[in-house]
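# Examining the three-dimensional arrangement
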Amino acid sequence: MSIATRILRMIALGYGIILLLAIALEDWLVYMPQRYPAGNWDTSDLAVEDVFLNSADGTRIHGWYVPCEDAIASVLFLHGNGGNITDWLPQLYYLHHKTQVNVLAIDYRGFGKSNGFPSEAGVLQDARAGRRWLAERQQIDEADIVLMGRSLGGGIAIQLAVELNPRALILERTFTSLPDAAFAQYPILPTKLLMRNRFNSLSAIRRYPGPLLQSHGTDDRIVPYDQGVAVFDAAPGTAKEFISVNGGTHHSPQPNGYFQHLRDFLQPLAPLL
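What counts, and at which threshold
Residues numbered from 1 in each chain as written. Predicted model: local features only at pLDDT ≥ 70, side-chain atom pairs only at ≥ 80, totals over all residues. Heavy atoms only, no water. Buried < 20%, exposed > 50% of the residue type's maximum accessible area, 1.4 Å probe, protein only. Helix = DSSP H or I, 4+ residues; strand = E, 2+ residues; numbered from the N terminus. Pairing = 2+ DSSP bridges. Arc of directions from axis to C-beta. Contact = heavy atoms within 4.5 Å.

Attention now moves to the pairing of strand S4 (residues 74-78). Strand residues, when the strand is regular, have side chains that alternate between the two faces of the sheet. With respect to burial, S4 is a largely interior element, five of its five residues being buried. Burial along S4 is two-sided: the residues Ser74, Leu76 and Leu78 and Val75 and Phe77 are all buried. Here five bridges tie S4 to strand S6 (residues 102-106), and the two strands are oriented parallel to one another. Bridging across to S6, Phe77 finds its partner in Ala105. Relative to strand S7 (residues 146-150), S4 is paired through four bridges, and the arrangement is parallel. Across the sheet, Leu76 pairs through a bridge with Leu147, a residue of S7.

Among all positions of helix H10 (residues 258-266), only Tyr258, Phe259, Leu262, Arg263, Phe265 and Leu266 are buried. Looking straight down H10, one finds its buried side chains confined to an arc of 160 degrees; they lie on one side. Those residues of H10 hidden inside the fold are in contact with helix H3 (89-99), S7, strand S8 (169-172), strand S9 (212-217) and strand S10 (240-245).

By themselves these figures say nothing about function.
This is how it looks when you write it as structure tokens:
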């Protein structure tokens, strides 16, 4: 056997091991939760109500509900794939004070105080349970809930939006699909062939005709900017707006005026309580 053949075989073996590891560790790579007590659980700066609800399969899910006097909308906020709900206190604060909405934020199964282990089917069940709880709390139809998702949460929000058209859909830093987002990080892997978790946002958004406000940073290296643009372009509705955040990364804060802009977007869509 020639040296070149041996080297090729070693490379092939090593690549095969990498593929097997990627398959075995997919959920660990996709979902990066922090369980309680990790995080800062001090909510003294915001009137937060602890919420515990049951997902369709009985998994106990935790969330924070922040009511707002004279609210113009009721929003289900769906966060990204890492950390837990405590990372999003500033977002909830601004949604309350600047956008003037009632907001429920949930931790998916396995995150924070929520039980279980995350999966694509599971986190979708959790989001549906959150939407149902918020609608019952506000005594409105589930279709009157505004869906707001960031990164992975955007992929979840899109899937819920095509099941039951919401009053509005708000997306932040959202991918065309999870395999596409993974390929941007691991270009040596055939992610479209390997991955079980799909969240095909590009395909799903084509079936959502309603109001859409979407934002994406031009310097996002986790979910490339062009993926956000592709999702927006595929949305068939006419009441849609894209906010391009110049120099924004995946983890940078929204620009000044964003939450007031969001309020201006939602205001004409009343009644949303």
